[in-house]
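Structural overview
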Amino acid sequence: MAIRDILSIPDKKLRLVSEPIKAFDGDLKALIEDMFETMYEAPGIGLAAIQIGVPLRVITMDLAKKDDPKEPQVFINAEVVWSSEDKSTYEEGCLSIPEYYEEVERPAAVTVRYLDRDGKPREVEATGLLATCLQHEIDHTNGVLFIDHISKLKRDRVMKKFTKAAKRDGHPHPAREKKANVV
Ligand code: NI
């Protein structure tokens, strides 16, 4: 197990469309372990494999409250198969866009089809935080970031800030604020 570096914008890898998982083998198990370790250490509540530079459709998540027992969840090859017309707005953050938070409107409820870590097909009807996180993470597997859902003006501003920081430091991570609900 290892904590991996989390990519930040403007890293172009974050725009890759990830490939589906075909083999449920030791490599996948090791990737999932690394993703959980990296996600918990960040700390974040969700992570897509591409955020550690691996373009595969693997998502880890843990929405348990801070002092409650851990609830690790894995979503492989996840896709939204239904979304509600009702929308909800949630302040989102992303481990790949450290210390930036903005309200994003998304469908309030979604049905997501995925494979669990053993390759077993599953479906979940999600609302609330789970619905938001699943949509945010599935977006990552498609090369989409939450800033793509906000105004162009705001997106350009945040991209410019991170591009400048990356040029200046060669490493665009500002010190991470310990804030919950970062995905
Ligand atoms: Ni994210």
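For every chain, the first residue of its written sequence is number 1, and the numbers climb from 1 along that sequence. It should be noted that, the model being predicted, local features are given only for residues of pLDDT at least 70 and side-chain atom pairs only at 80 or more, the latter also being counted only at that level, while totals for whole chains, interfaces and linings use all residues. To get the side-chain values, take all heavy atoms of the structure and skip hydrogens and water.

1. Observations concerning the pairing of strand β2 (residues 58-61)
The buried label applies to any residue whose accessible area, calculated with a 1.4 Å probe on protein chains only, is under 20% of its type's maximum; exposed applies above 50%, and partly exposed to all values in between. Numbering of helices and strands runs from the N terminus; a helix is a DSSP stretch of H or I covering at least four residues, while a strand is a stretch of E covering at least two. Neither face of β2 is open: one carries V58 and T60, the other I59 and M61, and all of them are buried. Two strands are said to pair when DSSP picks up at least two bridges between them. With three bridges connecting them, strand β1 (residues 46-48) and β2 associate as antiparallel partners. The residue of β2 that forms the bridge with G46 is M61. With four bridges joining them, β2 and strand β3 (residues 73-83) adopt antiparallel strand pairing. When the sheet's bridge partners are listed, I59 is paired in β3 with F75.

2. Things to note about the packing of aromatic side chains
Classification of ring pairs rests on two measures: the distance between centres of Phe, Tyr or Trp rings, Trp counted by its six-membered ring, which must be within 6.5 Å, and the angle between planes, read as stacked under 30 degrees, edge-to-face over 60 and tilted in between. On inspection of all chains with the given rule, the structure shows three aromatic pairs. The interplanar angle of 20° and the centroid separation of 5.9 Å between the aromatic rings of F36 and Y40 together place this pair among those described as stacked. One end of the pair, F36, and the other, Y40, are both in helix α1 (residues 26-41), four residues apart, so they sit about a helical turn from each other. You can call F36 buried: its relative accessible area is 9%. Given the relative accessible area of 28%, Y40 is considered partly exposed. Cation over ring: K70 sits above Y40, and NZ or CZ is 4.6 Å from the ring centre. Note on criteria: charge over ring means Lys NZ or Arg CZ within 6 Å of the ring centre, with the direction from the centre no more than 35 degrees off the ring normal.

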